[in-house]
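Spelled out from the first residue to the last, the chains are:
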Amino acid sequence: MQTTWKGTISFGLVSIPVHLYSATQEHDVPLHQVHAKDGGRVRMKRYCEREEKEVPYAEIAKGYESPDGRTVTLTDEDLADLPLPSKKIIDVLAFVDAGEIDPLMFSKAYYVGVADQAAAKPYALLRDALVDSGQIAVTKIALRTRESPAVLRVHDGTLVLQTCIWPDEVRPAAGIAPEGNVTVRPQELKMARSLMDTLSEDFDLSQLHDDYQQALQQVITARLDGVELPHEEEPGPAPDNVIDLMEALRSSLKQAKGGRAPAAEPQEEPAPRKRAPAKKTAAAAKKTSPAKKAPARRSTAPRKAS
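These numbers come from a predicted model, not from an experiment. Numbering of residues starts from 1 in each chain and follows the order in which that chain's sequence is written. Selection of residues for local features in this predicted model requires a pLDDT of at least 70, selection of side-chain atom pairs for listing and counting requires 80 or more, and totals for whole chains, interfaces and linings are taken over all residues. Note that the side-chain values use all heavy atoms of the structure and ignore hydrogens as well as water.

## Let's talk about the sheet that holds strand E12 (residues 158-164)
Only strands joined by at least two bridges in the DSSP assignment are considered to pair. Helix numbering and strand numbering both begin at the N terminus, where a helix is a DSSP run of H or I of at least 4 residues and a strand a DSSP run of E of at least 2. The sheet built from eight strands is open, its strands ordered E7-E1-E2-E9-E12-E11-E10-E8 with mixed pairing. At either margin of the open sheet sits one strand with a lone partner, and together these are strand E7 (89-91) and strand E8 (94-97). When strand polarity is set aside, the average angle formed by the axes of neighbouring strands in this sheet is 40°. Here strand E11 (residues 146-155) pairs with E12 via six bridges, running antiparallel. Bridge pairing links Ala-150 to Thr-163 in E12. Contact between two residues is taken to exist if any of their heavy atoms lie within 4.5 Å; hydrogens are not considered. Axes here mean lines fitted to C-alpha atoms, for a helix over just the part in contact, with angles spanning 0 to 180 degrees between N-to-C directions. The strands touched by helix H2 (residues 120-133) are strand E1 (3-11), strand E2 (14-22), E8, strand E9 (106-114), strand E10 (135-143), E11 and E12; relative to E11, the strand with the most contacts, the crossing angle is about 75°.

What follows is the structure in structure tokens.
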């Protein structure tokens, strides 16, 4: 693996000579610029506007144009000799919980390896201290033409340095999320959580693959073979989840379960109605009191003779 950077991790008075190696690599199908008319290769040439001619790469330097139009030229030696402490030293500034660093700030990752066998003991000490504390180390590093904040963390028993962008380079998110008070009902939230749990069952991130690169390779192969290009079916109209969000969640959960109908979702229990205590009036009390039976009156009519 090719070395990207050589320097030293400074951990208090402990120095660890290290090398950095790129931890990631992107895979894609190489495409070139060609003339659409005849397929001729189009190449970029380095052209000097003042001399009006092409110049070799060895004569290329970096320049800066000031607001008043003046230009200064910076050579590779100028950039290599910058008075920058982080140019060859990764200085550990603090140790923080991983959750304190917003993932938006993370950039490129590098594996950290020891420069010699003498660095193995302090390397292991820093690694084990990070694992034991559950924290990450905040540092700064200068790579190529940029100084960046960075963090040191542990991945599979190896120290990893992950560069970050500066906090003021993260754009504010104000005005992007829906404004106003959006109400989510409890049963909608529970159904969404149930869908989340179902989609996460037996999920394996390593099984993901790049569909775009696969489809692009199919098109290239078809062009080379002179056959009809493969086409994806036109997607249907996007469903309108705004009208019936609960039904969309229910259908999504059914589909995620392989067509099996989801268990009955919890219904929102209606609040019991409060009854006002009945006020007893004097008339009502009199009306509801038990009635006294009047004694039966004897008939005064004479009995008929038998």
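## Quick word on the packing of aromatic side chains
A pair of Phe, Tyr and Trp rings is counted when the ring centres sit within 6.5 Å of each other, with Trp represented by its six-membered ring. The angle between the planes then sorts it: under 30 degrees is stacked, over 60 is edge-to-face, the rest tilted. The tally for this structure, following the rule as stated, stands at one aromatic pair. With a centroid separation of 5.7 Å and an interplanar angle of 70°, the aromatic rings of Phe-11 and Phe-95 are classed as edge-to-face. Of the two residues, Phe-11 is situated in strand E1 and Phe-95 in strand E8; the sequence distance between them amounts to 84 residues. A relative accessible area of 22% places Phe-11 in the partly exposed class. Counted as over-ring charges are cases with an Arg CZ or a Lys NZ within 6 Å of the ring centre that also lie within 35 degrees of the ring normal. One residue, Lys-108, lies across the ring of Tyr-110, its end atom 5.7 Å from the ring centre. Type-normalised accessible area, obtained with a 1.4 Å probe on protein chains alone, sets the label of each residue: buried when under 20%, exposed when over 50%, and partly exposed for intermediate values.

## Looking at the side chain of Thr-139
Looking at the secondary structure, you find Thr-139 in strand E10. Residue Thr-139 is classed as buried on the basis of its relative accessible area, which comes to 0%. In this structure, Thr-139 is in contact with Ile-90, Asp-91, Val-92, Leu-93, Ser-148, Pro-149, Ala-150, Val-151, Leu-152 and Leu-161, ignoring residues within four places of it in sequence.

## Remarks on the environment of Ser-22
Mapped onto the secondary structure, Ser-22 falls in strand E2. In sequence terms Ser-22 and Tyr-110 are 88 residues apart; their C-alpha atoms lie 4.6 Å from each other. Those residues in contact with Ser-22 that lie beyond four places of it in its chain are Met-1, Thr-4, Lys-108, Ala-109, Tyr-110 and Tyr-111.

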